[in-house]
Amino acid sequence: MPPNHQPSTECVASPLGELHLSRESSIARVSQVELDSVKLGVEGWASLSAGIGSQRNLQEYFQEATASDEDSHLVEFSDALQTVAKALRQVAESKARSLEETTEWKRKYELEVIRCHQLRQLLALKTSGDERQDEKSKTVVDEQQDSESSGGASSPPSSGNGVCCSREGICSQQVIRQQSFRNSSPDSEDWNDRKISSEKASFHLAWGCSGRSNRRHKHDVVSFESGNITTAVRSNKQITLKWDSPPKSVFILTKPNSVSVAKMCKEMVRWLKDVKNVRVFVEKNVKKELVEDDPYYSCLQACEKDEELTLLHTKIDIVITLGGDGTVLWAANLFKGPVPPLVSFSMGSLGFMTPFQSDRYQECLETVMKGPVFITLRHRLHCRIIRNKDNGGTEPEVEDHLVLNEVSIDRGMSSYLTNLECYCDNLYVTCVQGDGLILSTPSGSTAYSLAAGGSMVHPQVPGILFTPICPHSLSFRPLILPEHVTLRVQIPINSRGQAWASFDGKDRRQISAGDALIVHMSAWPVPAACDDESTHDFLRSVREGLHWNLRKSQSFDGPREQ
Ligand SMILES: NC(=O)c1ccc[n+]([C@@H]2O[C@H](COP(=O)([O-])OP(=O)(O)OC[C@H]3O[C@@H](n4cnc5c(N)ncnc54)[C@H](O)[C@@H]3O)[C@@H](O)[C@H]2O)c1
Ligand SMILES: Nc1ncnc2c1ncn2[C@@H]1O[C@H](COP(=O)(O)OP(=O)(O)OP(=O)(O)O)[C@@H](O)[C@H]1O
C-alpha cells in the first residue's frame, strides 16, 4: 500500500475485487460493478491521487495490485484444469468399459456360432439316420459320462452301459441313514418326520448366464428332482480321447540349441516316417538345420508363411514337444484357436507339464496313436489389452494373447508401487499396491503363481487364480475365482507409474495409465495326453518335480503318547 495514504477500503479494494469476481459471475454483476466503479472510482481516484503524492508510489501501488490479481487467476486456471482432467478420466473409463462390453459380446457371439455349428452337424447326422455315424460323433462329454459309469480309475473306459456307481463308490441316489433311523418302524417319530419333509415346498434351480438353463450342467453335475438336491454320481474321473481313424500327421516342436533334443528329433522323425508312415511337420528353422545335416529330412513339412500357422490345427493330428515346460508353452502359443492333442516328452529340468519319458518314445507314441488315451484339458486364458488412445502411443489399440500358464502385471523397472484397479464382472474387487498381480490358470498354479504364494491347483479344477506379487498389505491373500468370470485390470489415469504385462513369461507389453487388461477363460484348452492318468501325473510332478513336503521322517525312538 502506498505510504501516506489511507484510502477507504471501499474506495480502492472494491473496484479491483469486484472486477475479479465479475469474470466468473453474471453479466448483471458486471453491470453493477461498472456502476460502482464509476461512483466509487471517481471519489476514490481523487483521494487516491491526492494521497499517493508521487509517480513512484503510484507505480508500486499498481504492481502490487496486479500481482494479487494474477494469483487469483492462477487459482482459477488450476481449478479449470482439474475439472478438465476429471472429465477426461471419466471419458477414458467409460471408453474402456464399452470396449470391454464389446469384447464380451464378441466372445459370446463366437461361442454361440461354434455351438450352432456343432448343433447343425449333430442335426445333420441324426436326420441321415446313420446310427453308427451318430455314435462316432459323440463328444468328449459323452466319453466323460462313459468314464464315470465304468468307474475304473486307471483303465480306459469301455463304451458299454455302466451301472450308476463305481464298484467301490457311493451311489448318489442311496440315502445314508443313521442306525436308529434304519431300525425305526413306520409309525415311529422318525417316520412322521419323513412324511412332514415330503410335503416341503418344491423349488427349481437354473444354470447359465441371465437365468438361461443349461441342461448339460444339470444332468452332469447336480440334480434337484423332487426338491432334493443331489450331486451327480461322481464328478468326472478322467477325460478319454479315442481316435475314430488313425492319426496321420504330427508336428514336432523342439527346444532350441540342445544337442540331445536335436538328436532325439532326428531319430523320432525317421521312426514316424518309416515305421508309422505319418506326415511330419517341424518349424521352418528346424527343417533347415536338419536338411543341412542330411538331405533325407527334405521330406519334412514346414510352415513357410506365418499365415499357414493359423490353419495348422486343421492339418495336424498330434503335437509332440521335445523339451521342458517352456517348449509346451511355446507349442500352446502357436495355436491361437483349437489345439490338437499334445504329447510332451521330458527333456528339460523340471518338466511339470511333460509326463512322457523320451527314452520310451516309441512305446508312448504307439499307445497314444492307438488310443484310447487319457487327456488333461489344460485351460487357457484369453487376455486382451485395450489401450487408451489419448496416451498417443504407437501400439495397437486392442491386442490379444492366449496363455497356458499366466498373465502377470508387474512394475517392471519402475521403483513405484503398482497401482492396479481390479474388477471382476465389472464389480470393483481391489487395488493392487505392491509389485504386481498374477492371473493364472490351474496349469500355471505350479509356476510363477506358486512362487508368489498361490495355491497349487489340479489342472482340471475350473478356476482363475488371482495372486498378488509382494502386496504391501498384511491381509492380501491369493484368491481362486470361478472360471466363468471376466477380470479387468486397469491402470488408473492418475497412476504414478506404468506397468508391464507378460504372457507366459514372454511378450512383455507396457501398460500405461488409462489402459485396461481384460482376462477370461478361453474356449480353446490344450488337450494334453497323460502318461498315466491326470491326477496321478499331477501328484507325481508335485512330489518328484517340486519335492513337495519332503522332510526326513521322525525316528521311532523317543517320547510316546501314554
Ligand atoms: N519367480 C518365478 O517363479 C518365475 C518368474 C518368472 C517366470 N516364471 C515362470 O516361467 C514361465 C515361463 O517358463 P519358461 O520355461 O518359458 O521360462 P524359464 O526358462 O525361465 O523357466 C521357468 C521355470 O518355470 C518352470 N515352469 C514353467 N511352467 C510351469 C508350470 N506350469 N508348472 C511348473 N513349473 C513350470 C519351468 O520348468 C522352468 O523351470 C512363466 O509362465 C512363469 O510361470 C516363474
Ligand atoms: N521351439 C522353440 N522355439 C523357440 N524357443 C523355444 C522353443 N521351445 C522352447 N523355447 C524356449 O526355450 C526356453 C527353454 O525351454 P524349456 O523350458 O523347454 O527348456 P528348459 O529350460 O531346459 O526346461 P525346464 O523348463 O523344464 O527347466 C523357454 O523360454 C522356451 O520359451
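Residues numbered from 1 in each chain as written. Chains lettered and ligands numbered in written order. Predicted model: local features only at pLDDT ≥ 70, side-chain atom pairs only at ≥ 80, totals over all residues. Heavy atoms only, no water.

### Considerations on the pairing of strand 16 (residues 434–440)
The cut-off we apply is this: Using a 1.4 Å probe on the protein chains alone, a residue whose accessible area is under 20% of its type maximum counts as buried, one over 50% counts as exposed, and one in between counts as partly exposed. Labels follow the DSSP assignment, with helices taken as runs of H or I lasting at least four residues and strands as runs of E lasting at least two, numbered in each case from the N terminus. One bridge is not enough; two strands pair if DSSP finds at least two bridges between them.
Of all seven residues in strand 16, six are buried; the element is thus mostly enclosed. Pairing of strand 13 (residues 406–410) with strand 16, which is carried by five bridges, proceeds in the antiparallel orientation. What sits directly across from D410, in strand 16, is G436. Pairing analysis gives six bridges linking strand 16 to strand 17 (residues 464–471), with the strands arranged antiparallel. Counterpart to G434 in the pairing with strand 17 is P471.

### What to know about the site of ligand 2
Put simply, the test is: Here, proximity means that at least one heavy atom of the residue falls within 4 Å of the molecule or strand. N or O atoms within 3.5 Å of each other form a polar contact, as long as, within protein, one can give a hydrogen and the other can take it, and as long as residues adjacent in sequence are counted only when both atoms are side-chain atoms. The accessible surface values rely on the Shrake-Rupley method and a 1.4 Å probe; as for residues, cover is taken only from the protein chains in view. Throughout this entry, Asp, Glu, Lys and Arg are counted as charged residues, while Ala, Val, Leu, Ile, Met, Phe, Trp, Tyr, Cys and Pro are counted as nonpolar. The remaining residues, Gly among them, count as polar.
The immediate surroundings of ligand 2 are formed by 15 residues, with K255, E283, G324, T327 and S349 found nearest. Within the contact set of ligand 2, an oxygen atom lies 2.4 Å away from a side-chain nitrogen or oxygen of S349. Relative to its unbound accessible surface of 610 Å², ligand 2 loses 71% to contact with the protein. Ranked by residues supplied to the shell around ligand 2, first place goes to helix 12 (residues 325–334) with four residues. Taken together, the residues of the shell around ligand 2 break down into three nonpolar, eight polar and four charged.

### Quick notes on the site of ligand 1
In the vicinity of ligand 1 lie 16 residues, with D325, N405, E406, T446 and A447 positioned nearest. In the model, an oxygen atom of ligand 1 is placed 3.4 Å from a nitrogen or oxygen of the G326 main chain. The separation between an oxygen atom of ligand 1 and a polar side-chain atom of E406 is 2.4 Å. Relative to its free-state accessible area of 780 Å², ligand 1 is covered by the protein chains to the extent of 63%. Per-element tally for the shell around ligand 1: the top contributor is helix 12, with three residues. The class makeup of the residues in the shell around ligand 1 is seven nonpolar, five polar and four charged.

### What to know about the state of the cysteines
What makes a disulfide is a covalent bond joining the sulfur atoms belonging to two cysteines. Note the threshold: The definition used for a disulfide is geometric: two cysteine sulfur atoms within 2.5 Å.
A full pass over the atoms with the stated rule returns zero disulfides. No disulfide involves C470; its nearest neighbouring cysteine sulfur is the one of C422, lying 16 Å away. Judged by its relative accessible area of 51%, C470 falls in the exposed class.

### Re helix 15 (residues 534–546)
Short version of the rule: A helix is expected to span 1.5 Å multiplied by its residue count minus one. Think of the arc as the fan of directions from the helix axis to the C-beta atoms. By the convention used here, residues are in contact when the closest approach between their heavy atoms is within 4.5 Å.
Under the 1.5 Å per step criterion, the end-to-end length of helix 15 is 17 Å for 13 residues, consistent within 8% with the ideal 18 Å. Of all the residues in helix 15, the buried ones are S534, D537, F538, S541 and V542. End-on view of helix 15: buried residues confined to an arc of 135°, all on one side of the axis. Tucked inside the fold, the buried residues of helix 15 contact strand 10 (373–378). Looking at the residues trailing helix 15, positive phi occurs at H547, about 50°.

### A word on the packing of aromatic side chains
So the rule is basically this: Planes of paired rings set the category: under 30 degrees apart is stacked, over 60 is edge-to-face and the rest tilted, where pairs are Phe, Tyr or Trp rings (Trp by its six-membered ring) whose centres lie within 6.5 Å. Lysine and arginine charges are scored as sitting over a ring when NZ or CZ, respectively, is within 6 Å of the ring centre and within 35 degrees of the ring normal.
All told, the structure shown has six aromatic pairs when counted by the stated rule. A ring pair is formed by Y296 and Y297, whose centres lie 5.1 Å apart and whose planes are at 90°; its orientation type is edge-to-face. Taking the relative accessible area as the measure of exposure, Y296 reaches 24% and is therefore partly exposed. Between F466 and F476 the ring centres are 6.4 Å apart and the planes differ by 35°, which places this aromatic pair in the tilted class. With F466 in strand 17 and F476 in the loop between strand 17 and strand 18 (479–481), this pair connects stretches of sequence that are ten residues apart. The class of F466 is buried, set by a relative accessible area of 2%. Looking at F476, the relative accessible area reads 18%, which means it is buried. The ring of Y296 is capped by R270, whose NZ or CZ atom sits 4.0 Å from the centre of that ring. Above the face of the F556 ring, R560 is positioned so that its terminal group lies 4.2 Å from the ring centre.

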